[in-house]
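Chain and residue survey
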Amino acid sequence: MKLLELRLTSFRGVDERVLTFPKRGVVVIEGPNEIGKSSLGEALDLLLEELDSTKKRRVLDVRPVDRDVGPEVEALIESGPYRFRYKKRFLKSPETVLQVETPRPENLTGRTAHERVQRILGETMDMDLWRALRMKQGEAMNAAQLDGAPSLLRALDATAGGETAGDRELTLFERVHAEFAQFYTDTGREKAPLKNATEACDVAEDRRTSVRDELAALQRDIDRSAQLAQSAKELSAQLDESKQSAARHEKELGALEKTREQVELLRTQSTMAETALTGAQGQWRMRSERIDTADSASKRLARLEEEAAKTRPGLQSAESAAREANEEFARAEKASVDADARFDRAGLDFKFRHYELDLKKMRVRRDAVVADRKQRAESKRFLAETPLDAALHKKLQAAYLLCERVRAQAEVEGARMQIEALGDTTLELDGQSHTLASGETIERSVTDASELVLPGVARIQLRGGAGAAEAAEKLEETETSYRALLRDAGIAAIEDANEVLRKRAEAEIALEQCDRQIAQNLDDLTYEELAERVEGLENYVQNYLSEREADWPVPDDYDHAKRANSEAREARELCTKALHDTRARNDAAQTQYRELKDRVSESEVEIRVATRERDQAAKSVAAERDRKPDASVKSALEAATANFESARKAFADAEQTLVDQRPSAVREMAVNAQKVADRTARDLRATEDEARELIGRLDVRGSEGLFEREQESETHATRLARERDSLRARAGAAQRLFQSLSEQREIARRSYAAPFREKIEQLGRYVFNDSLQVELDENLAIVSRTLDNRTLTLDNLSGGAKEQLSLVARLAAALLVDEEDGVPVMLDDALGYSDPARLEGLGALLAHAGEHAQILILTCTPGRFRHVGDATVLRLT
Amino acid sequence: MPSVRFLHTADWQLGMRRHFLGADALPRFMQARIDSIRALGKLAREQNCAFMVVAGDVFESNQIDRTTLARSVEALREVALPVYLLAGNHDPLDAGTIFRPEFFADAPNVKILDGVVEAAPGVDLVGVPWPNKRPRRDLLAAALADLEPASDRLRIAVAHGIVDQLSPDRDDPDRIRLERAQEALDDGRVHFVALGDRHSATEVAPRVWYSGAPEPTDYDEDASGTALVVELAENTCNVTRHDVGTWCFRAMDLAVDSTEDVAAVEEQLAGIDGKERTILKLSLRGALSLGDKARLDNALDRAREVFAAIEIWSRHTDLVVRPNEQDLADLDLVGFARATLDELTENGDADALALLYRLARQEPSA
């Protein structure tokens, strides 16, 4: 769309103004404030959008204040193939006039004209782009809303190499979004229709469940009612049966009671007969006892008298035997005393001879001890006086052998002298005379010095060398030690040592033997005790004989005494035994006599008593018989016995009959039968009560039409579920379609956002520099700028930078769209925040854009756009 | 030996609802069942029937709404002939039974069958009601076992349940053993067995009949909407079937693969009489273009306005939507919208495609 001419008449403060514009290029409309620059854009909007009949505020606002005329706007426009002149007068004598020049002339007025222009513009002009490319006063810093401009999108799509997405697609998108928005929020949450449908379904489902539960409960009641009816029927039958059973058992109880009464009667009769029998038995027993008592008394008296007659002769012989036995016992007693005396004497003699023998033995032991003690003292003394012992003897032997070895060594070391008598001769060697026969020799070693004297012939002195002298000296030391040892041993020569040593051994043996013999003879006594014993025995032996009564001789020796003592013991034992026997016989005889004597006395007493008793019993029997004869008593007993047997048998039979009737069982059965009947009656009542209650409940619930309510609720729930499912299917389809459409649009946008961004960056370099980069959002709005590697979001940019980027974006859009689709870029008092340097760049940019687009600039600052090269300047006055 | 003519019907199931019926169709459906009572009464009177027997399932349940009961009783009263009602498995004679004399006080011509009753001179009905929902025994066999052969009376056994010959469930203890019924017919204990439960009129054996339901209840009934007029004597038995149903359940299997097929469906639907009393269940199979699918949907939407109900049998429906050249030309979509169309087509998203088709073809003013 191109605006070629604009005429304002009586429009606000403007009486008449006509402006013409080239099809492309920059037109700068300058004028001071309130001259009506903004009215130009406003007038164009009113012309294109409002009916001439409108009374809207925006129209009332443009009335001229000083005249009563209607504001007029007229424009010459080219859009697509159309070129038309379009005029409207508002408020006063409203009018709309359209003159279409191409492609074919049309002259229309009024609403028809308005609608025709709407159609032309709708067909040929991108209204969204028209609105987006306008920078109104005060809106300069706002980002252009370019994402809804079909022509731009078409251009971008074409640039991106895709097919053009046109109005149809955008309209479709809006419809799909509208469809989607019926069910979902933009964030994807379900809206009321879906929620309500689901909630309604839930409520209906709850209602259906509730009614179903009620129906199920009712059915349970019905089933229970059938069970109760069956139970009541069964219980009723059981009750009849149990009542009959109770009656039957009651009848049995009555019969049982009669039997029991009969038993009690017979029990009484039997008891009475038994009492009578007991009385008769007592009578008869008393009579019999008295007769027996009398008989017993007679028999006893006879027996006592018979026994007394037998006892009396025995008493005399027992008395004689007792006397004889007593005498014999006295004799035995005397013999025993004598035997004891003899035994005592023989014992003393035996003791005497025994002590005497002990005295001899003691004396031998004492004497041996004395002799051994003497021998022991001698041996001890010898040992004490003899120093040579085995150790010393060993030393002596060693010293002796050493001397011999030293001497032999001295001889070897010294000269050897051999003297051979050539004839019989006498000589003196080392002071010792030797007589030698012819040819006899003497050999001698010369250890130190030797002197040989040939009597009368010569004195020959021999002296050994130095070695001989040393050997002689050592020999002297050895011999000195040897001799000292001999002195210590107390012997003269080594030859005595062995003898002394033998004697010493003998003395040691004797000493040991003496000790052993002394110990043996002392045994456990000391020598003093042994000696004291010997002395005591000697005194006893000497005194016994002098003190002994010499009625008969002392046995000759120990053996005789021992034998005499044994014989006396045996004699005494015999006497003792005889004494014991006679004492026993005496005691028995005495006892027998005493017992017999006592028995005779007792028998006499008993006879007297028995006689009296016999007499009394006989008297009593006689009296009883006088009163009632024995036969009468016996016949009475027999009669009572027969009567009792009869009564007892009758009672037993009746009692057995009662037992046979099992009274306990019958009673228990009767009680139980009654309990069963009572319980059954209770159960029946309870069952009937519950059944009545159920029937009452069923009457109420049955009339509520629960089945149909359940069906209705199910129908309702099913219908709601169907509606919900249908709604959800619709919503789902809308959601999927919208989602798919959005995704595809986003993909497309991503593909054509790039050329738009590139165009902005290309144009922006007029204003900024070559490092400029911008980032766009999904709505094609600039969100950040990068300059010299420094990135700032749009919010953080200065007002001037924002304004400049906003203009650049609009110009980029204007240059991208097809020229046929293009609309004027209208800037109303823009770029007020830009500095002179930027204004220069902006001027170049606007000049560049003006080569392809129609750009209308309204400004009250003439110099602001002086950098726009080929700009057409219209100055308003 | 007397003879008699009577009307044999069963399975009224008064109070029955169908969930797929809309708020408009359901009351008509329910009312039709009550109206059928009057139709049956009219038929019985026209055929000079002595009485009418209803062999069970008179009501859909013992717990139906009292309004439904009252309207039913009123219709029964208008029959103006003796009507013998038998309790079936839907409305057994249990503690909650609807067959209480006080409920039918306004229709003195109505009798509740339970045991032997004289329905006409020399004619006895042997009513075998269900005592509860699961009697677990052959009720008819038990009732017949107690009878002695009738020498000078006609006996009609009225029972409810499936006969063993027609039941696949051999373990069902409630089945009626046909052999026992035939024995009773053979030895003269009864002369006709009037059965209910099977909704399609069926002669099970000579003198053993299911009357069928007077109004259909489901798609699988091949001979419902019927009643029987029985003319019975000792040696003759003439049974005449009468169609009395006004409603129709119809299942249709439709193959739709072209515009012509869709047009054929439109014609088929248009050719059905009594649409307001017809319930359709459709199985749709095939592949349609967007335009054809929209046309089919439109046709079904229009049909729904006149038919009692149209169900789509989803289990047996397999309808694929594929845009064809004409669709693409009609839509004339480019850019992202065309990409969306391609994506939905690839996904086989018929609903989204239909929506796209509809929205894209809306008039601008819409």
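Right, let's walk through the structure included here. (Residues numbered from 1 in each chain as written. Chains lettered and ligands numbered in written order. Predicted model: local features only at pLDDT ≥ 70, side-chain atom pairs only at ≥ 80, totals over all residues. Heavy atoms only, no water.)

Observations regarding the pattern of salt bridges
Residues and elements named next belong to chain A.
- Overall, the coordinates contain 95 salt bridges over all chains when judged by the stated rule.
- Among the ionic pairs, Glu538 bridges to Arg363, the shortest N-O distance being 2.9 Å. Of this pair, Glu538 sits in helix H11 (residues 527-547) while Arg363 is found in helix H7 (residues 192-385), placing the two residues 175 residues apart along the sequence.
- One connected set of salt bridges, linked through shared partners, spans Arg287, Arg290, Glu624, Arg625, Arg627 and Asp630. (Salt bridge = Lys/Arg side-chain N within 4 Å of Asp/Glu carboxyl O. Helix = DSSP H or I, 4+ residues; strand = E, 2+ residues; numbered from the N terminus.)

Things to note about unusual backbone geometry
- The peptide bond linking A:Thr102 to A:Pro103 adopts the cis configuration, its omega dihedral lying at 0°.
- Positionally, A:Pro103 belongs in the loop between strand E6 (95-102) and strand E7 (106-109).
- Notably, A:Asn789 is not glycine yet its phi reads approximately 65°, a positive angle.
- Its place among the elements puts A:Asn789 in the loop between strand E16 (782-787) and strand E17 (790-793).
- The phi torsion at B:Asn48 lies on the positive side, around 55°, for a residue other than glycine.
- For B:Asn48, the location among the structural elements is in the loop between helix H1 (25-46) and strand E2 (51-54).
- The class of B:Asn48 is exposed, set by a relative accessible area of 63%. (Buried < 20%, exposed > 50% of the residue type's maximum accessible area, 1.4 Å probe, protein only.)

A word on the sheet that holds strand E19 (residues 854-859) of chain A
All names here are of chain A.
- Read across the open sheet, the five strands follow the order E8-E18-E19-E3-E20; overall the sheet is parallel. Edge positions in the sheet fall to strand E8 (134-135) and strand E20 (872-875), since each of these pairs with one other strand and no more.
- Where E8 lies against strand E18 (residues 825-828), two bridges are found, and the strand directions are parallel. Bridging from a neighbouring strand, Met135 pairs with Leu827 of E18.
- Relative to E19, helix H1 (residues 37-49) is tilted by about 135°, and along the sheet it contacts strand E3 (25-30), E8, E18 and E19. (Pairing = 2+ DSSP bridges. Contact = heavy atoms within 4.5 Å. Axes fitted to C-alpha atoms, helices over the stretch in contact; angles between N-to-C directions.)

Observations regarding the side chain of B:Asn109
Residue and element names in this part refer to chain B.
- The topology assignment puts Asn109 in the loop between strand E3 (83-85) and strand E4 (110-112).
- On the accessibility criterion, Asn109 (13% relative accessible area) is buried.
- Reaching out from Asn109, the side chain makes a polar contact with the backbone oxygen of Leu81 at a distance of 2.9 Å. (Polar contact = N/O pair within 3.5 Å; in protein donor to acceptor, adjacent residues only side chain to side chain.)

Some thoughts on the interface of chain A and chain B
- Between chain A and chain B, the residue contacts involve 45 residues of the former and 45 residues of the latter.
- Across the interface of chain A and chain B, roughly 3700 Å² is buried in total on both sides, 56% from carbon and sulfur atoms.
- Counting the surface chain A buries against chain B, the share from its top three residues, A:Arg175, A:Phe707 and A:Glu708, is 19%.
- Residue A:Asp699 is joined to B:Arg100 by a salt bridge in which the shortest nitrogen-to-oxygen separation is 2.4 Å.
- When residues of the side of chain A that touches chain B are traced back to their parent elements, those giving at least two are helix H6 (167-183), H7, helix H14 (663-702) and helix H15 (706-764) of chain A. (Buried area = accessible area lost by both parts, 1.4 Å probe.)

Considering the sheet that holds strand E13 (residues 449-454) of chain A
All names here are of chain A.
- Reading across the sheet, the four strands line up as E11-E10-E13-E14 and stay open at both edges, with antiparallel pairing between neighbours. Because the sheet does not close on itself, it has two edges, and the strands there are strand E11 (432-436) and strand E14 (458-463). Averaged over all pairs of adjacent strands, the angle between strand axes in this sheet comes to 25°, irrespective of strand direction.
- Sheet topology note: the strand E10 (residues 425-429)/E11 ladder contains five bridges and is antiparallel. Bridged to Thr425 within E11 is Leu436.

Comments concerning the packing of H6(A) against H15(A)
All names here are of chain A.
- Contact geometry of H6 with H15 gives a least axis separation of 9 Å together with a crossing angle of 140°. Between H6 and H15, the interaxial angle falls into the category oblique. In the crossing of H6 with H15, the sense of the turn from one axis to the other is left-handed. Taking contact as the criterion, the partners of Leu170, Leu172, Phe173, Val176, His177, Glu179, Phe180, Gln182 and Phe183 in H6 are, on H15, Leu727, Arg730, Ala731, Ala734, Gln735, Leu737, Phe738, Leu741, Ser742 and Arg745. (Parallel < 35°, antiparallel > 145°, perpendicular 65-115°, else oblique. Left-handed = near helix turned anticlockwise from the far one by under 90°.)

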